[in-house]
Amino acid sequence: MKCPHTAVREAAPGGATVVIDPLVQDLDGETARLRDAGPLARIELLGVPAWTVTRHAVARQLLVDPRLVKDIDAWGLWQRGDVTREWPLIGMIDAGRSMFTVDGAEHRRLRNKTSQALTPRRLEEIRPEIERFIEGLLDSLSEQAGTNEGGVVDLKSVFAQPLPMLVVGMLMGVDEAEHPMLLKRYKAFFSMLTPHEERLALLAELDVFYAALVREKTARPTDDLTSALILAEEGGEPLTEDEVVGNLKAMVAAGHETTIGLILNAVRALLARPDQLSKVLDGEIPWETVIEETLRWDTPTTHLLMRFATEDIQVGDDVIAKGEGVVISYRVIGRDTEQHGPDADEFDVTRPTPIRHMTFGHGPHICPGAALSRVEAGIALPALFKRFPKLRLAIADEEIRKLPVMTQNDMEAFPVLLHG
Ligand code: STR
């Protein structure tokens, strides 16, 4: 793979550095190596050095530390031109002005309406629609299995992937006809096999698409969240067009990509553990527990990029120097034995202690869609197993291929047989 930033490597601070594999061949191995590298580990992302946080307690502290900011202009490597728009992961950080990239009072202003629209109470209003989407997708699974060779159907492309896009599309007012286009572009955006010029081009195309959508909603507001973001708050500053576009991008990207992982990782964990699955199907263990244990053990987001130190920050024996970048490795944090006990590496829905994970983050940027993803998975998983109680993988678990994506934990496909 082309790596334009190998020169930056010399700027890496001394000490053992874990090089993050862009093709994600061995995610469990990488998770273990990072955990072994200490609470704050030095990593390299396609030639670019950064710190990553691997412990629950340290993340809890740093995620509320105002000396760490999202603003890319606080990044030394960026200021010096060592990292540029040529770096393949730039789209994960330099994603436009939105609640994802801004801190402090401005962040609250950008985020307010979105978090209000996604409270558990407000979500009860859209539950019937989510249920309807899921019933429709379960029908599609049956239909596809009926026509496909050997009855094998891909649970990802037919169920886990379209569902979150239908939900976030409905919330944000994105026409269903555009969903295949969006899914295709985001898949290419996240894949490390996509030539970077292509990635930059598709991000530009997405910007054009979202700007047109915002103009359309400005002219003809409806009852979706995009329209709500456009309308001025009582007494408050209205969001600019760029800010609405930024929020819309963040919502669509985050709202669909992560929930695919949650649903598939839960199904995968259960199918590999028939004893636990049967306890769940018997009603002995609630689906909620399955969802929380999946969120802890196999997080949809592997590494969250990035925050930057505006001052030197002492963390244990290490110092994050002013201008350095900090990643949060959520999958490693979910396997923290100090937080989750010596068997943190085991998926176990019968564990006696409550599951206190940090997979949705912590502090001001904590995932505003957390409750929504729990509602989606909380309907989708029981409905799937109710309709297809004999559901099983059509290939061996070891044959499931990860997507070559550095920051998200997602799979290529999940071929199943619906009737055992
Ligand atoms: C993708 C590209 C884009 O146009 C906008 C965003 C902002 C939100 C980001 C998103 C990104 C990538 C996936 C993220 C999401 C917020 C939550 C989600 C990081 C950069 C997670 O994986 C947790």
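Remember, it's a predicted structure, so these values are computed and weren't measured experimentally.

Conventions and cut-offs
Counting of residues starts from 1 at the beginning of each chain's written sequence and follows it residue by residue. Selection of residues for local features in this predicted model requires a pLDDT of at least 70, selection of side-chain atom pairs for listing and counting requires 80 or more, and totals for whole chains, interfaces and linings are taken over all residues. The basis for every side-chain value is the complete set of non-hydrogen atoms in the structure, without hydrogens or water. Note on geometry: axes are C-alpha line fits, over the in-contact stretch for helices, and angles between N-to-C directions span 0 to 180 degrees. Secondary structure is summarised from DSSP: a helix means a run of H or I of at least four residues, a strand means a run of E of at least two, and numbering begins at the N terminus for each. Throughout this description, any angle smaller than 35 degrees is read as roughly parallel, any larger than 145 degrees as roughly antiparallel, any in the 65 to 115 degree range as roughly perpendicular, and the remainder as oblique. By the definition used in this description, the sense in which the near helix is turned from the far one sets the handedness, with an anticlockwise turn below a right angle giving left-handed and a clockwise turn giving right-handed. Should any heavy atoms of two residues lie within 4.5 Å, those residues are counted as being in contact. Buried, partly exposed and exposed residues are distinguished by accessible area as a fraction of the type maximum, computed with a 1.4 Å probe on protein chains only: under 20%, between the cut-offs, and over 50%, respectively. Polar contacts, as counted here, are pairs of nitrogen or oxygen atoms within 3.5 Å of one another; within protein the pair requires one atom able to donate a hydrogen and one able to accept it, and residues that are adjacent in sequence qualify only if both atoms are side-chain atoms. The salt bridge definition used is simple: a Lys or Arg side-chain nitrogen within 4 Å of an Asp or Glu carboxyl oxygen.

**Let's talk about the packing of helix α4 (residues 104-117) against helix α11 (residues 241-271)**
How two helices pack is summed up by the angle between their axes together with the distance between the axes.
Phase 1: Interhelical geometry of α4 versus α11 gives an angle of 60 degrees and a closest axis separation of 11 Å. The angle between α4 and α11 falls in the class oblique. For α4 against α11, the interelement crossing comes out right-handed. Note on element contacts: α11 touches α4 through Glu243, Asn247 and Met251, opposite Glu106, Arg109, Leu110 and Thr114.

**Quick notes on the environment of Asp65**
Phase 1: Summarising the element assignment, Asp65 is placed in the loop between α2 (56-62) and β4 (68-69).
Phase 2: What makes Asp65 buried here is its relative accessible area of 13%.
Phase 3: Between the C-alpha atom of Asp65 and that of Gly363, which follows or precedes it by 298 residues, the distance is 8.8 Å.
Phase 4: Separated by 2.8 Å, the side chains of Asp65 and Arg67 make a polar contact.

**A short note on the pattern of salt bridges**
Phase 1: All chains considered together, the criterion is met by 28 salt bridges.
Phase 2: Between Glu205 and Arg185 there is a salt bridge, with the nearest N and O atoms lying 3.0 Å from each other. Of the two residues, Glu205 sits in helix α9 (residues 196-219) while Arg185 sits in helix α8 (residues 179-190), which places them 20 residues apart along the sequence.
Phase 3: By relative accessible area, which is 36% here, Glu205 ends up partly exposed.
Phase 4: Judged by its relative accessible area of 24%, Arg185 falls in the partly exposed class.
Phase 5: Linking Arg335 and Asp345 is a salt bridge whose minimum nitrogen-to-oxygen distance equals 3.0 Å. Taken as a pair, Arg335 in the loop between α14 (330-333) and α15 (337-340) and Asp345 in the loop between α15 and α16 (370-387) lie far apart in primary sequence, 10 residues in all.
Phase 6: Beyond isolated ion pairs, a larger network of salt bridges with shared partners links Asp28, Arg35, Asp298, Arg331, Arg335 and Asp345.

Purely geometric numbers; function is a separate question.
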